[in-house]
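# Analysis of the macromolecular model
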Amino acid sequence: MQVTARQKQLLYNLWREGGLSRWELHKRTGFTPNGVGQVAGELLELGIIREGVPQPSKAGRPRTPLEIDTQERHVAGMAIRRGQVSACRLNLRGQMISGMHVHKIDMTDHPEAVIETAANLLPQVIDRKTLGVGVSVTGLIDPEAQSILFSSAVQGRSATQGGISLHPIQLAANDLPVLFDNDMHALAARWALTHQAELNQDLLLVSISEGAVGAAMLVDGKPNRGCVLSANEIGHTRFFVETEPCYCGHQGCLERICSTGFLHMRNPNDQRTLLEQAAVYRSGENDALEEVIQYLGMSLANMVNFVRPNRLVLVSEVTRYPAFTDELLRRVRGAVLMNLVDRVQIDLWDQPAARNAETAGWLGLTGLYCEDWGGMHTNVPI
Ligand SMILES: [Zn+2]
């Protein structure tokens, strides 16, 4: 099913404000009272909204609010990344309501195996109550051909051999709408829907984790389009630094620097992970970690200078550690252009499981609450 623009407008108001009466919805949306009644009727029928508990009002007649129904319908989320496919269900307020199904992928298997696994897993989380599916993939996607062009999830395929088709996943979804997008865009969707007050601002969202650094850029609340469907590949910005080879085929990529492997290369005697070392960071004590901070800080600052966003949001486990974070932010601010530095707001967002199926489910929610998220809507006639 497809949610209409009028239904979305009403739903977005309910999402943002919780319960609203039909009269309040008329005021918020500008629809006629009859129009509100009609759209609300459609959404009640579909099980997307419900009548809330009547509340006393000054006028005497109790006010019955409409609210998002968290019981009846759901969306499914699926994340495809290196070595695993995961899937789960979210209710229409974004809470996970099923267990997390995880299937491991043997990376020595043929590259299409990951798509087969995903297509086999999907039926376990969808049924006739499912409204849509959000599928997040790492790397670059060709929206027209519906294929993965380049991804750590499907190592072993060169660009000249053609992409890997996502079509089996669409087939497995039957006629449900499936929104494929990059995993960083899924995270940005989650941010956008949970911080809707700032939707008119330009935002740079950067996820930093062990061996994986990604970014998404929201312009006016929507991911910037480009020549391919992808997030902004900050993880593959390169430096003249010796690192382990990156799956992209190069050396010196930022995400290879920001890894335990890099720390161990620099200092084989220290076998602690990146996170363990960041936890006890103290200025001047750990040269290898200082190097990681230096390159990370430089990359973030360059990105800010280039994009000049209203906000830079760092999504990471490493920013739990104040000393590490202070030093990183000091580096970023030190390299951001003077006139920008006071205008760009930097926030830390500690979102557990930031890039898994739960976050992919938020892509599915954009189909209900966002006018147009971008990505590729694949309502392929079968
Ligand atoms: Zn790379």
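Up top is the structure.
Residues numbered from 1 in each chain as written. Predicted model: local features only at pLDDT ≥ 70, side-chain atom pairs only at ≥ 80, totals over all residues. Heavy atoms only, no water.

### Some points on the coordination of the zinc ion
To keep things clear, this is the line we draw: For Na, K and Ca the donor cutoff is 3.2 Å, while for all other metals N, O and S atoms must lie within 2.8 Å; water is not among the atoms, so some sites may look incomplete. Just to be clear on the cut-offs, tetrahedral is four donors with all angles between 85 and 135 degrees, square planar is four donors and octahedral six with opposite donors over 155 degrees apart and all others between 65 and 115, and anything else goes down as irregular. Working definition: with a 1.4 Å probe on protein chains only, accessible area under 20% of the residue-type maximum means buried, over 50% means exposed, and in between means partly exposed.
The protein atoms donating to the zinc ion are His236 (ND1), Cys246 (SG), Cys248 (SG) and Cys253 (SG), with metal-donor distances spanning 2.0 to 2.3 Å. One way to put it: the 4 donor atoms around the zinc ion meet at angles of 103 to 118°, and that makes the site tetrahedral. Counting the intervening residues between successive donors of the zinc ion yields the motif H-x9-C-x1-C-x4-C. Accessibility classification places cysteine 248 together with cysteine 253 in one group, the buried group.

### Things to note about the pairing of strand 11 (residues 203–209)
Within a regular strand, side chains alternate between the sheet's two faces. Just so we agree on the cut-off: We count a stretch as a helix when DSSP gives it H or I for four or more residues in a row; a strand needs E for two or more, and each element gets its number in order from the N terminus. Two strands pair under a simple rule: DSSP has to find at least two bridges between them.
Among the 7 residues that make up strand 11, 6 are buried, leaving the element largely enclosed by the rest of the structure. In terms of strand pairing, strand 11 meets strand 12 (residues 212–219) through 7 bridges, oriented antiparallel. Each residue of the ladder has a partner; that of serine 207, found in strand 12, is glycine 214. Taken together, strand 11 and the strand that follows it, strand 12, pair antiparallel across an intervening segment of 2 residues, in which glycine 211 is found at a positive phi of about 70°. Bridge count for strand 11 against strand 14 (residues 311–316) is 6 bridges, and the pairing is parallel. The residue bridging isoleucine 208 from the neighbouring strand is serine 316, located in strand 14.

### Points about the nonpolar core
One broad rule of soluble globular proteins: the nonpolar side chains tend to lie buried together. Operational definition: Here, nonpolar core means buried Ala, Val, Leu, Ile, Met, Phe, Trp, Tyr and Cys residues that are tied together by side-chain atoms lying within 4.5 Å of each other. In what follows, a contact means two residues having at least one pair of non-hydrogen atoms within 4.5 Å.
Core analysis: the largest hydrophobic core is formed by 49 residues, its most contacted members being Leu11, Leu92, Leu205, Leu365, Leu368, Tyr369 and Trp373. Looking at this core element by element, the count peaks at 8 residues for helix 6 (residues 183–194). The residues touching leucine 368, leaving out its near neighbours within four places in the chain, are Val3, Lys8, Leu11, Ile48, Leu92 and Leu131. In terms of nonpolar packing, the next biggest core, distinct from the first, is built from 39 residues, Ala215, Ala278, Val318 and Val344 among them.

Just geometry here; none of it tells us what the structure is for.
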